[in-house]
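# Breakdown of the fold
Below are the chains, spelled out letter by letter.
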There are 2 protein chains.
Amino acid sequence: MSVTINDIAKAANVSPSTVSRTIANNPRISKKTRERILKLMEEMNYHPNMIARSLANKSTKIIGVVVTGSTEKAFQHPFFPEILSGIASIAYKNKYKILISSVNSATEEKKVVTEFAKSGITSGIILLASRVKNPSVDELKQMKFPFVVVGRPESEREVNWVDNDNVCIGYDLTKHFIERGYKEIAFLGASPEFNVTLDRLEGYKKALQEHNIPIRDELIVNGKFVEDTGYALIQELIGRGIMPNAVIACDVLLAFGVIRYLNEKGMKVPDDIAVAGVNNVPLDEYFNPPLTSVDVNAFSLGAKAFELLLADMNKEYTSFDRAIVPAKLIVRKST
Amino acid sequence: MSVTINDIAKAANVSPSTVSRTIANNPRISKKTRERILKLMEEMNYHPNMIARSLANKSTKIIGVVVTGSTEKAFQHPFFPEILSGIASIAYKNKYKILISSVNSATEEKKVVTEFAKSGITSGIILLASRVKNPSVDELKQMKFPFVVVGRPESEREVNWVDNDNVCIGYDLTKHFIERGYKEIAFLGASPEFNVTLDRLEGYKKALQEHNIPIRDELIVNGKFVEDTGYALIQELIGRGIMPNAVIACDVLLAFGVIRYLNEKGMKVPDDIAVAGVNNVPLDEYFNPPLTSVDVNAFSLGAKAFELLLADMNKEYTSFDRAIVPAKLIVRKST
DNA sequence: TTTGTTTGTGCAACCGTTTGCTCACTTTCT
DNA sequence: AGAAAGTGAGCAAACGGTTGCACAAACAAA
């Protein structure tokens, strides 16, 4: 088997405690002993057993990242890799590892979250989907297990979270259209289960009101953050005889679906209908036409999320914290 | 703290062993006792401590996925989420968790791989970058630690691996161009450190030879799998006065870079230069123009990789195995 | 009744580390 | 010189499980 602390202890003629303390850099070990042991560890190619260490410590250097959405699709959303990079970059600096799990439903999410927390395998959790009602959040709160949610949760004062200012995003996009003379602006949201939809919608309405444009409920439709939905939603809208001259898609995939439909039907973007999305991805630029979108800065969202989590795990504060990551409207040819 | 096996044992008036055996579904426990204990576990909200269990078992239900590439960019390649989904979907079915780590260099990779293996935290590893020379592979082989590499490794007979038939991919793409009358076909590869470049190049040459088209070395250039490189490579090529009428890009990002350059310079794709990429992504379709590319079926690559790993961990075979995942040329308007 | 099986459970060692406490040996102070 | 303080290291119990072996009880066969 692998070489253990005991093997080192024997070879060095000391007790295992001494070796352990050497590893922990305990000042009670003399320089001479320490060096002798370190040398032996090197020679014998010793690597500490994290599992045993975790058991003794009752803590690990692993955090769990839980992605809720269709198992096969969740990772594929352009948002995911970027936020994961953000998490990973800070985790890496702090020598944390990342355990990821994708789940299909809120029920499964709760199961996974409970397992992560109770099994002792992770020391903290980042939740990547925030429904308005989220049983996992309640569960974690009640267990007092460190966690951060990405996306504003319901009980925003009692949990750590990071998000953009989604009201602002909705507002900015709408205003952008209004300023360019568009008035029939459709709003394609994701499911109203998510705060992100509600918040962006709020911003949308606010902008319309400020500019004295009536809010037309029939211009507001909801679906999911997948590409097919964008296609279906705009098709349905136009099928009902409702013809917007601008479309705000709450997600880049939604926007792609919309444009695909419009292209197929021979409608010109932005001449016939202007389209803007949220979640800037590198590819937006190559799009036909290049897509105006809001860069939500997913990398920072991830990085911030980990920072908050780290602080929570280290019990650096007793109250809850949040971070609002600035988003930026990037105007391209689609509007 | 959390409720343990001992708490259950006390409550049920049995020994911890009995509880442990109940969990393990050991047939030596009577039905009556089993049911009493299961009920208590439910009531007392017991969750097994994975760490303790792993320590006793000397194995975990966690596999490590190591991505080599720039830490901040590695996850962002469209290839990654898809392959990760593939891994995750099979892992999920087998109740495995996934620990991911991105590293910047072969040296770091080896460090992480060693840690994953020796620390006991993972029971198997999937390597997501296969250089021709890969010290991690040697390390893992020598430790006899279960692992699978995605991409054909150097010592292909002594490790488990999955890949496409890259010679075939190179061949098909080249043939596709030749059949459409293109003869000045440039080949943009990634670094020759990777077998994938070498194999596709081999296929490229083979196709040319079969059709009696001379191989012109100046049409063959290498870079990295990032978007900027595509731009730079084609710029350099054309700058040197070499004007291909078709370009094979070994990666979709490379292809995007090429097209960006061509668009900027006012060249028409495919009229002036035809472009094809590898690694079909959903967005290829929306591209301007829609990009001909080879779908490498990354999801299957991931799924197969996990299946092989699982078999290895379970010692289901003693020899090494491999899987070749079929790739498919998807012709769109860019060629 | 004795012997042999089968069945269900407990004992105790073990997995590899950590850590509170104890203790022997120095050093320093009075 | 004796006491107090400081230093370096070991003992043993924990962390929460698993498992080989022993063993008692129940039952069957002789």
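You'll find the structure just up there.
These figures come from a predicted structure and were not determined experimentally.

## Concerning the protein's contact with DNA strand C
- Near DNA strand C there are 27 residues, and of these Ile5, Ser20 and Arg21 of chain A together with Thr18 and Thr33 of chain B occur at the shortest range.
- Sugar and phosphate atoms constitute 52% of the interface atoms of DNA strand C, taking the interface as everything within 4 Å of the protein.
- The backbone of Asn49 of chain A places a nitrogen or oxygen atom 3.0 Å from a phosphate oxygen of DNA strand C.
- Measuring from a base nitrogen of DNA strand C, one finds a side-chain N or O atom of Ser17 of chain B at 2.9 Å.
- Every element with two or more residues in the surface near DNA strand C is listed here: helix H1 (5-12), helix H2 (16-23) and helix H4 (50-57) of chain A together with helix H2 (16-23) and helix H4 (50-57) of chain B.
- No other element matches H4 of chain A, which puts four residues into the surface near DNA strand C.
- Split into classes, the residues belonging to the surface near DNA strand C amount to nine nonpolar, 13 polar and five charged.

## Looking at the packing of aromatic side chains
- Under the criterion given, the structure shown has eight aromatic pairs over all chains.
- Residues Phe187 of chain A and Tyr204 of chain A carry aromatic rings whose centres are separated by 5.1 Å and whose planes lie at 45° to one another, so their mutual orientation is tilted. Here Phe187 of chain A, found in strand S6 (residues 185-189), pairs with Tyr204 of chain A, found in helix H9 (residues 195-210); they are 17 residues apart in sequence, far enough to count as distant.
- Taken together, a centroid distance of 5.3 Å and an interplanar angle of 85° make the contact between Tyr231 of chain B and Tyr261 of chain B edge-to-face. With Tyr231 of chain B in helix H10 (residues 227-239) and Tyr261 of chain B in helix H11 (residues 252-264), the pair connects residues that are 30 residues apart, well separated along the chain.

## What to know about the interface of chain A and chain B
- Opposite the 47 residues of chain A that make contact, chain B presents 47 residues.
- Carbon and sulfur atoms supply 69% of the area that chain A and chain B bury against each other, a total of about 4,600 Å² over both sides.
- Between Lys97 of chain A and Glu115 of chain B there is a salt bridge whose closest N-O contact spans 3.8 Å.
- Our count for the contact surface shared by chain A and chain B stands at six residue pairs in polar contact (both at pLDDT 80 or more).
- For the side of chain A that touches chain B, the secondary structure elements donating two or more residues are H4, helix H5 (79-93), strand S2 (97-103), helix H6 (106-118) and helix H11 (252-264) of chain A.
- The dominant element in the side of chain A that touches chain B, judged by the number of residues it contributes, is H5 of chain A, at eight residues.

## A closer look at H11 of chain A
Residues and elements named next belong to chain A.
- Between its terminal C-alpha atoms H11 stretches 18 Å, which fits the 18 Å expected from 13 residues at 1.5 Å a residue.
- Most of H11 is tucked away: 11 of the 13 residues are buried.
- Those residues of H11 not exposed but buried are Val252, Leu253, Leu254, Ala255, Phe256, Gly257, Val258, Ile259, Arg260, Tyr261 and Leu262.
- Gly266 sits one or two positions beyond H11 and adopts a positive phi of about 75°.

## Observations concerning the sheet that holds strand S9 (residues 274-278) of chain B
All names here are of chain B.
- Across the sheet, six strands lie side by side as S7-S6-S8-S9-S10-S12; this open sheet has mixed pairing. Pairing within the sheet leaves two strands with one partner each, and these edge strands are strand S7 (220-222) and strand S12 (328-330). For this sheet, the mean angle separating the axes of adjacent strands, direction not counted, is 15°.
- Alignment of S9 against strand S10 (residues 292-295), held across three bridges, turns out to be parallel. Within S10, the position partnered with Val278 by the bridge is Val294.

How each quantity is defined
- Residues numbered from 1 in each chain as written.
- Chains lettered and ligands numbered in written order.
- Predicted model: local features only at pLDDT ≥ 70, side-chain atom pairs only at ≥ 80, totals over all residues.
- Heavy atoms only, no water.
- Near = heavy atom within 4 Å.
- Polar contact = N/O pair within 3.5 Å; in protein donor to acceptor, adjacent residues only side chain to side chain.
- Helix = DSSP H or I, 4+ residues; strand = E, 2+ residues; numbered from the N terminus.
- Nonpolar A, V, L, I, M, F, W, Y, C, P; charged D, E, K, R; others polar.
- Phe/Tyr/Trp six-rings, centres within 6.5 Å; stacked < 30°, edge-to-face > 60°.
- Contact = heavy atoms within 4.5 Å.
- Buried area = accessible area lost by both parts, 1.4 Å probe.
- Salt bridge = Lys/Arg side-chain N within 4 Å of Asp/Glu carboxyl O.
- Expected span 1.5 Å × (residues − 1).
- Buried < 20%, exposed > 50% of the residue type's maximum accessible area, 1.4 Å probe, protein only.
- Pairing = 2+ DSSP bridges.
- Axes fitted to C-alpha atoms, helices over the stretch in contact; angles between N-to-C directions.

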